[in-house]
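Below are the chains, spelled out letter by letter.
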Amino acid sequence: RRNKGKSSSEQHAFTEMHDWIHFFDKRPPSFCHVIPPAFIFDYERSAITYISPSIAHLIGYENKIFLGTNGIIKFVDLIHPNDFKIYNEQIFPKEIHLLNTLSYDKASELIFSTTLRVNQVSGTYKTMLMKKGFIINEKSKMPAYEFGILQDISAIKKELSITHTIERFVEAKDCEIGRAHV
């Protein structure tokens, strides 16, 4: 767990996220088919620091090839070029701009969802839903970590368009999670 130089809020959020994600690594193999692969991207290191072994069940590649600074390049190469162009030029810059306008607490309430086509080891594309959140640096308001999941939605999404949503999750009085669209 590398979080040296991070604020106490960032360290606490990272520790909770890290522990929750690793909880699923210790489950029976059948969980690979039920729990979508999770990932953690460290912006300071520009590296994927964690990705669930269950990624192999999703796209056929072992998780180890995605770890480290070269791993993000490998993953980006698997995204359909048209989808990556739209995501990189239109969607991601708007996500970062939004995060820059919010407080640390408000930014941590947001869940960003995007559909992308991802190439499998077989050479065919699957449509994936990527749901992610950010832990931002309290001072710079830039992302410190990105964490999320990938889920195959090919059976329910056939069209080629990218869908992108931003939702805000707030805690309700009874500690259940409430949902509000941003």
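Notes on the structure in this doc start here. If you're wondering where the values come from, they're calculated on a predicted model, not measured in any experiment.

**Details of the pattern of salt bridges**
Applying the stated rule across the entire model yields eight salt bridges. Between Lys-85 and Glu-89 there is a salt bridge; the shortest N-O distance is 3.0 Å. One end of the pair, Lys-85, and the other, Glu-89, are both in helix α4 (residues 81-100), four residues apart, so they sit about a helical turn from each other. Judged by relative accessible area, Lys-85 falls into the partly exposed class, the value being 47%. A salt bridge links Glu-167 to Lys-131; its shortest N-O distance comes to 3.6 Å. Note that Glu-167 is positioned in strand β6 (residues 164-171) and Lys-131 in strand β4 (residues 125-136), a separation of 36 residues in sequence.

**Structural notes on the packing of aromatic side chains**
Applying the stated criterion to the full structure yields six aromatic pairs. For the ring pair Phe-112 and Phe-134, a centre distance of 5.3 Å and an interplane angle of 80 degrees mean the geometry is edge-to-face. Of this pair, Phe-112 sits in strand β3 (residues 110-119) while Phe-134 is found in strand β4, placing the two residues 22 residues apart along the sequence. One aromatic cluster is present, built from ring pairs that chain together Phe-41, Tyr-43, Phe-112 and Phe-134.

**Notes on the pairing of β4**
Most of β4 is tucked away, with ten of its twelve residues classed as buried. As paired strands, β3 and β4 are joined by eight bridges and run antiparallel to one another. Considered in β4, the bridge of Phe-112 is made with Lys-132. Where β3 hands over to β4, the hairpin turn is made up of five residues, of which Gly-123 adopts a positive phi near 95 degrees. In this structure, β4 lies alongside strand β5 (residues 143-152), joined through nine bridges in antiparallel fashion. Among the inter-strand pairings, Phe-134 is bridged to a residue of β5, identified as Glu-146.

**Looking at helix α3 (residues 69-78)**
Turning to α3, its buried residues number three or more, namely Gly-71, Phe-75 and Leu-78. Relative to the axis of α3, the buried residues are bounded by an arc of 55 degrees and lie together on one face. Relative to its buried face, α3 has exposed residues pointing more than 90 degrees away, namely Asn-70 and Asp-77. The inward-facing, buried residues of α3 abut β2 (47-51), α2 (55-59), β3, β4 and β5.

Each value, and the rule that gives it
Residues numbered from 1 in each chain as written. Predicted model: local features only at pLDDT ≥ 70, side-chain atom pairs only at ≥ 80, totals over all residues. Heavy atoms only, no water. Salt bridge = Lys/Arg side-chain N within 4 Å of Asp/Glu carboxyl O. Helix = DSSP H or I, 4+ residues; strand = E, 2+ residues; numbered from the N terminus. Buried < 20%, exposed > 50% of the residue type's maximum accessible area, 1.4 Å probe, protein only. Phe/Tyr/Trp six-rings, centres within 6.5 Å; stacked < 30°, edge-to-face > 60°. Pairing = 2+ DSSP bridges. Arc of directions from axis to C-beta. Contact = heavy atoms within 4.5 Å.

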